[in-house]
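These are the residues of each chain, in order.
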Amino acid sequence: MDLSTKLRHVHHFPRRGIDFIDITTVLKDADLFREAIDQMVKLASKYEFDVIVGAEARGFIVGAPVAYAMHKPFVPIRKPNKLPAETVSVRYSLEYGEDQLEIHKDAILPGQRVLVIDDLLATGGTARANCRLVEKLGAIVAANLFFIELDELNGRSDLEGYVVDSVCKVHEDKL
């Protein structure tokens, strides 16, 4: 099933000039949500990894169910001051500003292979920050897996050297 036809395109959100791809249209339909996770699990099965990480908040929505389905641990990556124990952090650029992400210092062991999962690959800034956090802990990025990839924004270029896979490749003119 082509899930890209089930997504909603919202112009000028969260601010003017940004076009937002809304996954809630898939999440609110149990059959579509199950299909999305099943497709992500199928893609994830191609890779050898020990743990899944997902960034706040939509990375939790797709990453945790994939981890559950595959019997793998899930590690959250969060915005500053949300995790209770000692963390490591990275600052990164977004399409519309800067941000920072953190992970527990003891969440991933050196040498572990990590599957980085998120809902969307746009310009690649958040994905690159996730990879940097994994590598700061001495782990290896096995692959990056996304529910949606916006082809026009060429986020793959910011992830050069990493494996990138996605369920839906979306072109703005097709939404």
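Cut-off values and rules
- Each chain carries its own residue numbering, running from 1 in the direction its sequence is written.
- A pLDDT threshold of at least 70 governs which residues receive local features in this predicted model, and a stricter bar of 80 or more applies before side-chain atom pairs are shown or counted, although totals over entire chains, interfaces and linings include all residues.
- Just so you know, side-chain values use all the structure's heavy atoms and leave hydrogens and water out.
- A run of H or I in DSSP counts as a helix once it spans at least four residues, and a run of E counts as a strand once it spans at least two, with each numbered from the N terminus.
- What a helix is expected to span follows from its residue count: subtract one and scale by 1.5 Å.
- For each residue, the accessible area found with a 1.4 Å probe, counting protein chains only, is set against the maximum for its type, and the residue is called buried under 20%, exposed over 50%, and partly exposed in between.
- In this description, contact between two residues means that some pair of their heavy atoms is separated by no more than 4.5 Å.
- Centre distance within 6.5 Å is the pairing criterion for rings of Phe, Tyr and Trp, where only the six-membered ring of Trp is used; planes under 30 degrees apart are then read as stacked, over 60 as edge-to-face, and the remainder as tilted.
- By definition, two strands form a pair when at least two bridges between them are found by DSSP.
- Here the axes come from fitting lines to C-alpha atoms, over the contacting stretch only for helices, and the angles between their N-to-C directions go from 0 to 180 degrees.

Asker: Any chance you could explain helix 2 (residues 30-44) here in plain terms?
Answerer: It helps to recall that an α-helix has 3.6 residues per turn; residues three or four apart then point in one direction. For helix 2, built from 15 residues, the straight-helix expectation of 21 Å at 1.5 Å per residue is met to within 8% by its first-to-last C-alpha distance of 21 Å. When we look at burial in helix 2, the residues that qualify are Leu32, Ala36, Ile37, Gln39, Met40, Val41, Leu43 and Ala44. Each element contacted by the buried residues of helix 2 is listed here: helix 1 (24-27), helix 3 (58-70), strand 7 (113-121), strand 8 (140-150) and strand 9 (164-170).

Asker: What exactly am I supposed to notice about the packing of aromatic side chains here?
Answerer: The relative placement of two aromatic rings is captured by the distance of their centres and the angle of their planes. Using the criterion set out here, one finds two aromatic pairs in the structure. When the centroid spacing of 6.0 Å and the interplanar angle of 90° are considered together, the rings of Phe60 and Phe74 count as edge-to-face. Here the residue Phe60 occupies a position in helix 3, and Phe74 occupies one in strand 4 (residues 74-77), the gap between them amounting to 14 residues. Here Phe60 falls in the partly exposed class, since its relative accessible area comes to 24%. A residue is classified by how much of its surface remains accessible, and Phe74, at 26% relative accessible area, is partly exposed.

Asker: Could you clarify how one ought to interpret the sheet that holds strand 7 in this entry?
Answerer: Pairing between the strands of a sheet is mediated by backbone hydrogen bonds and can be parallel or antiparallel. Here five strands make up an open sheet; going across it, the order is 4-3-7-8-9 and the pairing parallel. With partners counted over all chains shown, the strands left at the sheet margins are strand 4 and strand 9, one partner each. For this sheet, the mean inter-axis angle between neighbouring strands, taken without regard to orientation, is 20°. Here six bridges tie strand 8 to strand 9, and the two strands are oriented parallel to one another. Paired with Leu145 across the bridge in strand 9 is Asp165. Strands strand 3 (51-55), strand 4 and strand 7 of the sheet are contacted by helix 3, whose axis makes an angle of about 135° with strand 7.

Asker: What is the right way to look at unusual backbone geometry in this model?
Answerer: Among all residues save glycine, negative phi is the norm, and among peptide bonds the norm is trans. With an omega of 10°, the peptide bond running from Phe13 to Pro14 counts as cis. Among the secondary structure elements, Pro14 is positioned in the loop between strand 1 (8-11) and strand 2 (19-22). Backbone geometry places His12, a non-glycine residue, at a positive phi of 60°. You can see His12 is positioned in the loop between strand 1 and strand 2. For His12, a relative accessible area of 41% gives the class partly exposed. One non-glycine residue, Asn154, adopts positive backbone phi at about 50°. Position of Asn154 relative to the elements: it lies in the loop between strand 8 and strand 9.

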